[in-house]
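Geometric and topological summary
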Amino acid sequence: MRRDPVKTNVRMGTYTNFVNILDLCAVAVPAGLTTLPGTRTVMPFGVTMIAPAFSEEKLLAVAAAFHAAQMEKGLILGAPEANPSAGNGTMRLAVCGAHMSGMALNWQMQEAGATLARVCATAPCYRMKLVPGGEPLRPGLVRVEEGGVSIGLEVWDMPRRAVGAFLERIPAPLGLGSVELEDGSWVKGFVCESALLEKAEDISGFGSFRAYLNK
């Protein structure tokens, strides 16, 4: 090791070389998911926090606070393919209205055996309209070419065996389609017929259905 410390350091840690050589300490913290440039491939993403030697206690406190903040935003633990809740027996389903936690139709999610995976938002290319028809109030998510915004929603893992029966409960003009999330990934989720755009109240400015109800 004394004869060739650089080679030894490279062999010991591919991602910690500069930290070791400069006699620093560091900790890597999960920071969510990122889409590889030019693709739709979503990969785990993290940040490395660095401090002077023997600063581990302070550094770990900062890292823990950062990680807690990411968890509040819906950070998934582990890579998507390694996450047990995203296995072949379930389907990721985005809900943005009455099926969200604490809402009027959330009991249907519970009855289907679905579990909450994350709280996030759509890509900034959607509008949200209030579906006519009375109680329970329901929003409709419509993808648009221009003037879109990011809409808050929840992503749930639903057993595939329960999806068919759940789909039968969805009244027009709502349906299940593909929804693009803020990180560039796609999941199945509630969408609405575009014909609703012309006659329904636009509530996109609230950012989410929950914020609209709490106005």
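Placed above this text is the structure.
Source: prediction; values computed, not measured. Residue numbering note: each chain is counted from 1, following its sequence as written. Local features are withheld for residues below a pLDDT of 70 in this predicted model, meaning they are given only at 70 or higher, and side-chain atom pairs are given and counted only at 80 or more; totals for whole chains, interfaces and linings count all residues. Side-chain metrics in this entry use all non-hydrogen atoms of the structure; hydrogen atoms and water are not considered.

Another aspect to go through is the packing of aromatic side chains. Within 6.5 Å between ring centres, the rings of Phe, Tyr and Trp (the latter by its six-membered ring) count as paired, and their orientation is classed by plane angle as stacked under 30 degrees, edge-to-face over 60, tilted in between. Scanning the model with the defined rule gives three aromatic pairs in all. With 6.0 Å between their ring centres and 80° between their planes, Phe166 and Phe190 make a pair best called edge-to-face. Taken as a pair, Phe166 in helix α5 (residues 160-168) and Phe190 in strand β9 (residues 186-192) lie far apart in primary sequence, 24 residues in all. Across the pair, Phe190 and Phe166 agree in class, each one buried. Between Phe209 and Tyr212, the ring centres sit 6.3 Å apart and the planes meet at 20°, which makes this aromatic pair stacked. Strands here mean DSSP runs of E at least two residues long; helices mean DSSP runs of H or I at least four residues long; both are numbered from the N terminus. For the exposure calls, accessible area comes from a 1.4 Å probe over protein chains only, and a residue counts as buried if that area is under 20% of its type's maximum, exposed if over 50%, partly exposed in between.

Further remarks concern unusual backbone geometry. Although it is not a glycine, Asp23 adopts a positive phi angle of roughly 60°. Its location among the elements puts Asp23 in the loop between α2 (17-21) and β1 (24-35).

On to the nonpolar core. Membership of the largest hydrophobic core comes to 37 residues, with the highest contact counts inside it found for Met109, Leu153, Met158 and Phe209. For this core, the secondary-structure elements that each account for two or more residues are β3 (90-95), β5 (126-131), β6 (138-143), β7 (152-159), α5, β8 (174-180), β9 and α6 (209-213). By definition, residues are in contact when any of their heavy atoms lie within 4.5 Å. Leave out the neighbours within four places in its chain, and Met158 touches Gly89, Thr90, Met91, Leu93, Met109, Ala112, Ala114, Val163 and Phe166. Throughout, nonpolar core names a set of buried Ala, Val, Leu, Ile, Met, Phe, Trp, Tyr and Cys residues whose side chains join them through atoms within 4.5 Å. Cys25, Val27, Met49 and Ala51 belong to the second largest nonpolar core, which has seven residues in total.

To continue, consider a nonpolar patch on the surface. On the surface, Val6, Val10, Phe18, Ile21, Leu22, Leu24 and Ile50 cluster together into a nonpolar patch covering about 630 Å² of accessible area. Broken down by secondary-structure element, the contributors of at least two residues to the nonpolar patch are α1 (5-12) and α2. Of note, Val6 is situated in helix α1. What goes into a patch is any residue over 30% in relative accessible area without a salt bridge, connected to like charges within 9 Å or, for nonpolar side chains (Val, Leu, Ile, Met, Phe, Trp, Tyr), within 5 Å. Only the protein chains shown count as cover for residues, and all accessible areas are computed by the Shrake-Rupley method using a 1.4 Å probe. Note on definitions: salt bridges are taken to be side-chain nitrogens of Lys or Arg within 4 Å of carboxyl oxygens of Asp or Glu.

Within the secondary structure layout, Glu146 lies in the loop between β6 and β7. Judged by relative accessible area, which is 72%, Glu146 ranks as exposed. Expressed as a C-alpha distance, the spacing of Glu146 and Arg127, which sit 19 residues apart in the sequence, is 9.7 Å.

Two strands are said to pair when DSSP picks up at least two bridges between them. Spatially, β6-β5-β10 is the arrangement adopted by the three strands of the open sheet, whose pairing is antiparallel. Looking at strand neighbours, the two that pair on one side only are β6 and β10 (201-202), the edges of this open sheet. Across six bridges, β5 lies against β6 in antiparallel orientation. The residue bridging Arg127 from the neighbouring strand is Val142, located in β6.

Purely spatial values, then, with no claim about function.
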